[in-house]
Structures are given as structure tokens and as C-alpha cells.
Amino acid sequence: MSKKERQAVWLYPETKKLIDTHMTEDNCKSQSEYIEKAVKFYTGYLDSNSALATEYMSRVLVSIMNSELKGSEQRICRLLFKIAVEVGALTHLHAAESDIDEEVLTELRAMCTNEVRSINGIIDFESAIKYQRSDG
């Protein structure tokens, strides 16, 4: 690091009072340290692509975001579990009523795998109906 330089700073009395009041809350040992942190914080805010961006993101904010993401992840996992149970039940019901041989089942699985891959997982019921009612 380079050597610090003395700077003259003109501040309104209200601003100086804010520094005096909040510098101890931020564990700053001096007004200079507080002002330097404030400048880095504001620079990070203005230039969100810089390495200083993390300087202005509060640890509390990051913690809140992580807990929200974890909560969303848990809700999605519970919903996926419920969907998997329903799909399993429907599959067993359909299998009990169907008379499909192994070869047709293998071809169907391959066709569905290729279809889902090509449509990026966005299944369209109407397209499936048109496909099943046509020759191919």
C-alpha cells in the first residue's frame, strides 16, 4: 500500500456530527478511517462491476439473501417431491391399465428424452395431443 496523504476536507457541522456518532459503531479508530470506508462504500455502490462492490454490500444483506434463497430452495424441493409422488402414482395407474410391450416402451422413452431435450424441458400438452392424433 502507498503512504497516506493529508487532505483538507470541508464538511458541514451536521456531517461531522454524523461521522462522530457513527464511527464507533463501525469500529473505526479515527475519522479518517471512517471517511475512507465511506468513500470505498459509495464508490462500490456507483461502480458495481469493480472489486469495491463488496465493500458496500452489507453482511446482513448477504445473510438475508442467502436465507431467502435457502427457503426458496426448500420450498421448490418440497414441491418437486410432491410432483414426483403424483407422477409416480399416475405412472402406476397407467401401467396397470396398459398392455405395452418392452420394445414400445423403450422407443417411447427414447422419443420422449429426445423431445424434452429439443424443447428444453418445456412440455406442451397441445403439441403432444396433435402428435398422438397424427401419423407422427
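Read on for an overview of the structure. Because the structure is a prediction, the values reported are computed rather than measured. (Residues numbered from 1 in each chain as written. Predicted model: local features only at pLDDT ≥ 70, side-chain atom pairs only at ≥ 80, totals over all residues. Heavy atoms only, no water.)

## Some thoughts on the overall build of the protein
Then, in step 1: A tally of helices and strands in the protein yields six helices and zero strands.
Then, in step 2: Taken from N to C terminus, the helices and strands of the protein fall in the order α-α-α-α-α-α.
Then, in step 3: For the protein, buried positions account for 4% of its 136 residues.
Then, in step 4: Counting only carbon and sulfur atoms, one obtains 59% of the accessible surface of the protein, whose full area is about 12,900 Å². (Helix = DSSP H or I, 4+ residues; strand = E, 2+ residues; numbered from the N terminus. Buried < 20%, exposed > 50% of the residue type's maximum accessible area, 1.4 Å probe, protein only. Areas by Shrake-Rupley, 256 points an atom, 1.4 Å probe, with all protein chains shown as cover.)

## Topic: the packing of helix H1 (residues 13-22) against helix H2 (residues 31-46)
Then, in step 1: H2 packs onto H1 with a crossing angle of 100° between their chain directions and a minimal axis gap of 10 Å. Our classification of the angle between H1 and H2 gives roughly perpendicular. Of the residues in H2, those in contact with Lys16, Ile19, Asp20 and His22 of H1 are Gln31, Tyr34 and Ile35.
Then, in step 2: By residue class, the composition of the contact of H1 with H2 is three nonpolar, two polar and two charged. (Axes fitted to C-alpha atoms, helices over the stretch in contact; angles between N-to-C directions. Parallel < 35°, antiparallel > 145°, perpendicular 65-115°, else oblique. Contact = heavy atoms within 4.5 Å. Nonpolar A, V, L, I, M, F, W, Y, C, P; charged D, E, K, R; others polar.)

## Remarks on the pattern of salt bridges
Oppositely charged side chains are able to pair whenever their charged atoms sit close together.
Then, in step 1: Enumeration over the complete set of coordinates arrives at four salt bridges.
Then, in step 2: Notably, a salt bridge pairs Lys4 with Glu36, separated by 3.8 Å at the nearest N-O pair. You can see Lys4 sitting in the segment before H1 and its partner Glu36 sitting in helix H2, a full 32 residues away along the chain.
Then, in step 3: Classification of Lys4 as exposed rests on a relative accessible area of 64%.
Then, in step 4: A salt bridge links Glu36 to Lys40; the nearest nitrogen and oxygen atoms lie 3.9 Å apart. Of the two residues, Glu36 and Lys40 both sit in helix H2, four residues apart, roughly one turn of that helix.
Then, in step 5: When its relative accessible area of 35% is taken as the criterion, Glu36 is described as partly exposed.
Then, in step 6: Residue Lys40 is classed as partly exposed on the basis of its relative accessible area of 30%. (Salt bridge = Lys/Arg side-chain N within 4 Å of Asp/Glu carboxyl O.)

## Things to note about the environment of Tyr34
Then, in step 1: Considering the arrangement of structural elements, one finds Tyr34 in helix H2.
Then, in step 2: Taking the C-alpha atoms as reference points, Tyr34 and Ile19, separated by 15 residues in sequence, lie 7.1 Å from one another.

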